[in-house]
Amino acid sequence: MRVRTTTAAACTALVAVALLTGCNRESGGGTGSKKVGIDLPRSDSDFWNSYQQYIEKGVKSGEVSALPLTNSQNDVGKLVADVTAFTDQGAKAVVMAPQDTGAIASTLQSLNQRGIPVVSVDTRPDKGDVYMVVRADNKAYGEKACKYLGEQLKGKGEVAEFQGDLSSINGRDRSEAFKSCMDKSYPGIKVYELATDWKGDVASAKLQSTLAAHPGLNGIYMQAGGVFLQPTLALLQQKGRLLPPGTAGHITIVSNDGIPEEFDAIKAGKIDATISQPADLYAKYALYYAKAALDGKTFKAGPTDHGSNIIKIDNGYEDQLPAPLVTKDNVNDASLWANQLQKSS
């Protein structure tokens with residue numbers, strides 16, 4: 001009798017454990033218990049450091065359950081190793097920002113075979129399936145810069161364009177859009193395309209040569225303020241060409257990034273405008289789409305409810321977030337991420 005009671009109790013306990021395990025297994029299917037691996041691409045710019053702050057804030061607030069963040073430091077080999085560590089730790093989705101968009105293809109293929117969705121931030125991988133690319137419309141960067149310079153120069157003059165790495169989608173999009181707009185809308189402006197590989201010293205050296213050959217240069221388009229701003233301002237100061245807007249000989253400068261240093265330069269009259277990459281929205285929607293992927297949601301091309309547009313790309317979808325033009329008229333706008341960064345620092 002005692003044995004029977006013990007056996008019955010054991011059976012009851014086993015049933016209870018089984019039920020509990022079943023409940024836990026069911027709840028384990030929810031987003032909250034599924035981990036997201038998030039790799040940060042670099043830590044050598046205000047833009048990406050700000051992005052990291054927004055990512056950490058989102059994770060802390062519970063937007064997703066994340067594994068410890070990694071930073072691949074602009075090294076695709078380290079990114080591959082970080083992603084491997086994520087999968088070993090049971091990540092069910094991955095957020096990355098591959099700086100080498102060609103070399104990541106095999107890693108994306110491996111993740112796809114494992115059924116692990118990928119959200120790519122800022123860059124669009126050349127090959128390999130992605131669930132969503134979260135990226136500003138880089139063609140709009142080139143078009144906005146073109147239109148701003150075209151209007152400020154009244155359709156006449158000479159412009160130096162610091163092109164980013166043309167092997168990257170961002171550099172290509174900005175360069176192609178800028179050229180197309182200039183050719184179509186401002187044929188009276190001569191553009192000197194200066195390939196820089198995103199290197200400030202290369203841009204400065206080529207600008208010096210361009211100024212010597214074309215002293216009438218009256219416009220500059222910098223595709224990345226983070227690397228080009230300080231070398232450019234130093235050279236113009238040295239050459240006596242860093243003159244305030246409205247002054248004879250002023251060179252109208254429009255940049256891309258929207259970092260605090262660019263805002264300071266706009267306020268000081270050293271540059272005229274920049275186009276703000278939305279570091280805050282990059283982080284917000286990276287986490288948003290990671291959660292959506294875990295929830296099994298699907299998307300289609302078309303306008304979104306957050307002022308952007310989703311397009312179909314060969315290897316997935318891309319949410320093209322808006323990036324505002326910043327001039328002296330709106331440089332103090334509190335909604336711009338660079339101003340938020342300055343307040344929190």
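Everything numeric here is computed off the predicted structure, so don't read it as measured data. (Residues numbered from 1 in each chain as written. Predicted model: local features only at pLDDT ≥ 70, side-chain atom pairs only at ≥ 80, totals over all residues. Heavy atoms only, no water.)

**Student:** Even after reading the chapter, I still don't get the packing of helix α7 (residues 200-213) against helix α8 (residues 225-238), so can you show me in this structure?
**Tutor:** The angle between the axes and the distance between the axes are what describe a pair of packed helices. Running from N to C, α7 and α8 point in directions that differ by 35 degrees, and their axes come no closer than 8 Å. Crossing of α7 over α8 shows right-handed handedness. Within the contact between the two elements, α7 uses G200, A203, S204, L207, Q208 and L211 and α8 uses V227, F228, P231, T232, L235 and L236. Residue composition of the contact of α7 with α8, grouped by class: eight nonpolar, four polar and no charged. (Axes fitted to C-alpha atoms, helices over the stretch in contact; angles between N-to-C directions. Helix = DSSP H or I, 4+ residues; strand = E, 2+ residues; numbered from the N terminus. Left-handed = near helix turned anticlockwise from the far one by under 90°. Contact = heavy atoms within 4.5 Å. Nonpolar A, V, L, I, M, F, W, Y, C, P; charged D, E, K, R; others polar.)

**Student:** Would you mind going over the packing of aromatic side chains with me for this structure?
**Tutor:** By convention here, two paired aromatic rings are described through the distance between centres and the angle between planes. Tallied over the entire structure, the rule returns 12 aromatic pairs. Ring centres of F47 and W48 lie 5.0 Å apart, and the angle between their planes is 85 degrees; on these two criteria the pair is classed as edge-to-face. Residue classification places W48 among the buried positions, given a relative accessible area of 7%. Among the aromatic residues, ring-to-ring pairing joins F47, W48, Y51, Y282 and W337 into one connected group. For K312, the ring lying beneath its charged end belongs to Y317, and the centroid distance is 5.2 Å. (Phe/Tyr/Trp six-rings, centres within 6.5 Å; stacked < 30°, edge-to-face > 60°. Buried < 20%, exposed > 50% of the residue type's maximum accessible area, 1.4 Å probe, protein only. Lys NZ or Arg CZ within 6 Å of the ring centre and 35° of its normal.)

**Student:** I tried to follow the side chain of N315 on my own but got confused; where do I start?
**Tutor:** For N315, the location among the structural elements is in the loop between β13 (309-313) and β14 (316-321). What makes N315 buried here is its relative accessible area of 9%. Residue contacts for N315: discarding those within four places in its chain leaves P125, D126, K127, G128, D129 and V130.

**Student:** Looking at this structure, I do not really get the packing of α8 against helix α9 (residues 260-267). What am I missing?
**Tutor:** One can describe the packing of α8 onto α9 by two numbers: an axis separation of 9 Å at closest approach and a directional angle of 40 degrees. As summarised for this structure, α8 and α9 are arranged oblique, according to the angle between their axes. The chirality of how α8 crosses α9 is left-handed. Contact residues: α8 offers G225, L229, Q230 and L233, while α9 offers E261, E262 and A265. (Parallel < 35°, antiparallel > 145°, perpendicular 65-115°, else oblique.)

**Student:** Would you take a moment to explain the layout of surface pockets for this structure?
**Tutor:** Unoccupied space between atoms shows up once a probe the size of one water molecule is rolled over them. If you add up the space inside the largest pocket, you get close to 820 Å³. What lines the largest pocket is a set of 34 residues, and nearest its centre among them are R42, W48, Q99, D122 and W198. Among the elements of the structure, α2 (46-60), α3 (76-88), α6 (169-185) and α8 are those that each provide at least two residues to the lining of the largest pocket. Looking at the lining of the largest pocket element by element, the count peaks at three residues for α2. Residues of the lining of the largest pocket, tallied by class, amount to 10 nonpolar, 12 polar and 12 charged. One number sums up the size of the second largest pocket: a volume of about 180 Å³. As for the second largest pocket, its lining consists of Y148, Q152, P245, I266, K267, G269, I271, D272, T327, K328 and V331. Contributions of two or more residues to the lining of the second largest pocket are made by α5 (138-152) and α9. A breakdown of the residues in the lining of the second largest pocket according to their chemical character gives five nonpolar, three polar and three charged. (1 Å grid on protein atoms, 1.4 Å probe; cavity = no way out; pocket = protein on both sides within 12 Å on 5 of 7 lines; lining within 4 Å. Points joined across faces, edges and corners; volume = space filled by probe spheres on them.)

**Student:** Please explain unusual backbone geometry as it appears in this structure.
**Tutor:** Backbone phi values are negative for most residues with the exception of glycine, while trans is the configuration of most peptide bonds. For D122, which is not a glycine, the phi torsion comes out positive at approximately 75 degrees. Structurally, D122 can be placed in the loop between β5 (118-121) and β6 (132-136). Under the relative-accessibility criterion, D122 is labelled buried at 7%.

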